[in-house]
Amino acid sequence: MKLAFTLNGALVRVDADPDQRAVDLLRELNALDVKEGCGTGECGACSILVDGVHKLSCLLLAAQLHGRELTTAAGLGSVKNPHPIQKAFAEHGAVQCGFCTPGMTIAASALLAANPDPTRDEVRQGLSGNLCRCTGYVKIVDAVRAAARKGDGGEA
Amino acid sequence: MNVLFPRNMPQLVKALGEPGARILAGGTDLLVRLRAQPDAKLATLVSLDRVAALRGVALEKPGTVLRIGAASTHAELLAHPLVRARLPMLAQALATLGSPPIRNMGTLGGNICTASPAGDTLPPLLVLGAELELASASGTRSLPLADFLLGPGRTALQPGEALTAVRVPLPEPSARQHFEKVGRRDALAVAVVSLAALVRTGGKGAITSASLAWGAVAPGIWRCPEAEAALVGRKLTLSALNSAARIASSRVQPISDVRASADYRRSVTGNLLLRLAAL
């Protein structure tokens, strides 16, 4: 099945099996920031934005991506020009092993787009679909609150 | 396996006529199940992603019924002013369902058709008296949700048929609505016990009707007419609720599983009623 979608601002045309999972296709396309953790929608490591909405790429079929605009963590910012959320994660030590970080930053950007100044509790709820097995939640919440205070609206 | 993307109702009905066709709504249950247990008979998935007619919320019958498109996501409904203002118990259930990304993907119709005994929206929709609109090549029909749910994972949905809308009668604003779910954690938790309640009171505060439905304590959503009857005629006090709670706890027959023991579920089934005293 011929698919066309935008991945982090670049148009991608690819021939994929329609029932291939989005997470597998994205990783084949070298979007290795999209991680697979549980594969059942419970950990959030494979989080991406689809037309700006936080979704799980392990529960999407490749065919569902056609015509959509996708953003992965690498599309939020780069090492040279990090997104304020990514910068705050680095500054607050919100990264331990790093496996959950791409999904966490995607969830945080969706949260801040909807709620630019969340309370700690709202941050915890906003990130409640994302697990950190290093259990570094306190610093992750600190980082999201700090990014929010800098007035970033979470624009992807 | 083939995946089809109908764009309107005629295309949807036609796609469902394909041999071995099955509906893919939010995918949050179906894709997990298919991956664990591929279905050899399943040849075609029919995605509801692009059927605009299945989305959205509208008032019907001069403001007394809310018609909810079956492929509306939980997040869309949770954000809808009419759902929040007029169906707070449904909003409370949606707020506890899954996680933010699950609510962005999962649909109300999907939660209904999955027909899990722990389905979060089912107890509220049952006490609200929801009616389902079903469409197929031979036309549309309407069925009360109570008649649609046949057992765990079993519904009255026929091959070639799609759930297109959920019609929810809006209780008058004076009716009290309540939903509470007990799970192992706040997010991404399958209910251990949940309760939806719709209580109406008359002139002197006496209860004129009580509608109660519990999730995750029986093979289907559990009703207890005896507990409802025990509340009618009394005021919504802790002592009235205690009597109803004792009846519910003595009649319910839950099972023990990985999430909780039968004894715990039996206690919580009654105890959740006591919260109504705060309404």
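Residues numbered from 1 in each chain as written. Chains lettered and ligands numbered in written order. Predicted model: local features only at pLDDT ≥ 70, side-chain atom pairs only at ≥ 80, totals over all residues. Heavy atoms only, no water.

Engineer: Could you give an account of the packing of aromatic side chains, naming the residues involved and the relevant values?
Structural biologist: Following the criterion strictly, the structure yields one aromatic pair over all chains and no others. For the cation-ring pair, B:Arg50 lies above B:Phe5, with the distance from its terminal atom to the ring centre recorded as 5.3 Å. (Phe/Tyr/Trp six-rings, centres within 6.5 Å; stacked < 30°, edge-to-face > 60°. Lys NZ or Arg CZ within 6 Å of the ring centre and 35° of its normal.)

Engineer: Just give me the short version of the nonpolar core, but keep the residues and values in it.
Structural biologist: Residues and elements named next belong to chain B. The biggest cluster of nonpolar side chains holds 38 residues, and the ones touching the most others in it are Ile68, Ile112, Leu125, Leu145, Phe148, Val166 and Val168. Here the element with the most residues in this core is helix α5 (residues 88-96); it accounts for five residues. Counting contributing residues, this core receives three or more from each of domain 1 (2-169) and domain 2 (176-278). Ranked by size, the runner-up nonpolar core spans 27 residues in total, among them Leu195, Ala244, Ala248 and Leu272. (Core = buried A, V, L, I, M, F, W, Y, C linked by side-chain atoms within 4.5 Å. Buried < 20%, exposed > 50% of the residue type's maximum accessible area, 1.4 Å probe, protein only. Helix = DSSP H or I, 4+ residues; strand = E, 2+ residues; numbered from the N terminus. Domains from an automatic or database assignment.)

Engineer: Would you mind going over the pattern of salt bridges in detail, with residue names and values included?
Structural biologist: What the rule picks out here adds up to 22 salt bridges over all chains. In this structure, A:Asp15 and A:Lys2 form a salt bridge, with 3.8 Å as the shortest nitrogen-oxygen distance. Residue A:Asp15 is found in strand β2 (residues 10-15), and its partner A:Lys2 is found in strand β1 (residues 2-7); the two are separated by 13 residues along the sequence. You'll find A:Asp15 and A:Lys2 in the same group, each marked exposed. Between B:Arg67 and B:Glu60 there is a salt bridge; the shortest N-O distance is 3.8 Å. A single salt-bridge network, built from bridges that share partners, covers A:Arg21, A:Asp24, A:Glu36 and B:Arg35. (Salt bridge = Lys/Arg side-chain N within 4 Å of Asp/Glu carboxyl O.)

Engineer: Report on the confidence of the model for chain A, specifying residues and quantitative values.
Structural biologist: Confidence in the prediction for chain A averages 95 pLDDT; 96% of positions are at 70 or higher. This model gives residues 152-156 of chain A a pLDDT under 50, and the stretch forms 15 contacts once residues within four places in sequence are excluded. (pLDDT = per-residue confidence, 0-100. Contact = heavy atoms within 4.5 Å.)

Engineer: Lay out the domain arrangement of chain B in plain terms, naming residues and giving numbers.
Structural biologist: All names here are of chain B. Per the domain assignment, the segments making up chain B are domain 1 (2-169) and domain 2 (176-278). Averaged C-alpha coordinates put domain 1 and domain 2 at centres separated by 25 Å. Counting from both sides, the interface comprises 23 residues of domain 1 and, opposite them, 24 residues of domain 2. Between domain 1 and domain 2 lies a buried interface of about 1600 Å² when both sides are counted; carbon and sulfur atoms form 65% of it. In this structure, the connection of domain 1 to domain 2 is made through one salt bridge. Taking the shortest distance from any N to any O, the salt bridge between Asp120 and Lys181 comes out at 2.9 Å. Where domain 1 meets domain 2, there are seven residue pairs in polar contact (both at pLDDT 80 or more). Mapped by element, the contributors of at least two residues to the side of domain 1 that touches domain 2 are α5 and α8 (122-127). For the side of domain 1 that touches domain 2, the per-class residue count stands at 15 nonpolar, six polar and two charged. (Buried area = accessible area lost by both parts, 1.4 Å probe. Polar contact = N/O pair within 3.5 Å; in protein donor to acceptor, adjacent residues only side chain to side chain. Nonpolar A, V, L, I, M, F, W, Y, C, P; charged D, E, K, R; others polar.)

Engineer: Any details on helix α1 (residues 9-16) of chain B? Residues and values, ideally.
Structural biologist: Residues three or four positions apart in an α-helix share a direction because the helix packs 3.6 residues into each turn. Residues and elements named next belong to chain B. All of the buried residues along α1 are Leu12, Val13, Ala15 and Leu16. Seen along its axis, α1 keeps its buried residues to an arc of 160°; they face one direction. Seen from the open side of α1, the exposed residues pointing more than 90 degrees away from its buried face are Pro10 and Lys14. With a side-chain oxygen positioned 2.9 Å from the backbone nitrogen of Gln11, the residue opening α1 is Asn8. (Arc of directions from axis to C-beta.)

Engineer: Requested: an account of the sheet that holds strand β1 (residues 2-4) of chain B, with residues and values cited.
Structural biologist: Residue and element names in this part refer to chain B. Pairing is parallel in the open sheet, where three strands are placed in the order β1-β3-β2. The open sheet has two edge strands with one neighbour each: β1 and β2 (21-24). Taken pair by pair, the neighbouring strands of this sheet meet at an average axis angle of 30°, ignoring direction. Inspection of the sheet shows β2 paired to strand β3 (residues 44-47) by four bridges, in the parallel sense. Paired with Ala21 across the strands is Thr44, a residue of β3. (Pairing = 2+ DSSP bridges. Axes fitted to C-alpha atoms, helices over the stretch in contact; angles between N-to-C directions.)

Engineer: Describe the packing of helix α11 (residues 238-251) of chain B against helix α12 (residues 262-274) of chain B, with residues and values.
Structural biologist: All names here are of chain B. Following both chains from N to C, one finds α11 and α12 inclined at 160°, their axes separated by 8 Å at the closest point. Compared by their axis directions, α11 and α12 come out roughly antiparallel. The element α11 and its partner α12 pack so that their crossing is right-handed. Counted together, Leu238, Leu241, Asn242, Ala244, Ala245, Ala248 and Ser249 of α11 and Arg266, Ser267, Thr269, Gly270, Leu273 and Leu274 of α12 form the full contact between these two elements. Taken together, the residues that form the contact of α11 with α12 break down as seven nonpolar, five polar and one charged. (Parallel < 35°, antiparallel > 145°, perpendicular 65-115°, else oblique. Left-handed = near helix turned anticlockwise from the far one by under 90°.)

Engineer: Account for the domain arrangement of chain A, with residues named and values stated.
Structural biologist: Residues and elements named next belong to chain A. Each assigned domain of chain A is listed here: domain 1 (2-75) and domain 2 (77-149). Computed from C-alpha coordinates alone, the two centres of domain 1 and domain 2 are separated by 20 Å. Across the contact, 17 residues belong to domain 1 and 13 residues belong to domain 2. The largest contributions to the domain 1 side of the interface with domain 2 come from Lys35, His54 and Ala73, which together make up 38% of the buried area. Linking domain 1 with domain 2 are zero salt bridges, by the criterion used here. Taken together, domain 1 and domain 2 are joined by five residue pairs in polar contact (both at pLDDT 80 or more). For the side of domain 1 that touches domain 2, the secondary structure elements donating two or more residues are β3 (47-50) and α2 (73-76). A breakdown of the residues in the side of domain 1 that touches domain 2 according to their chemical character gives six nonpolar, seven polar and four charged.

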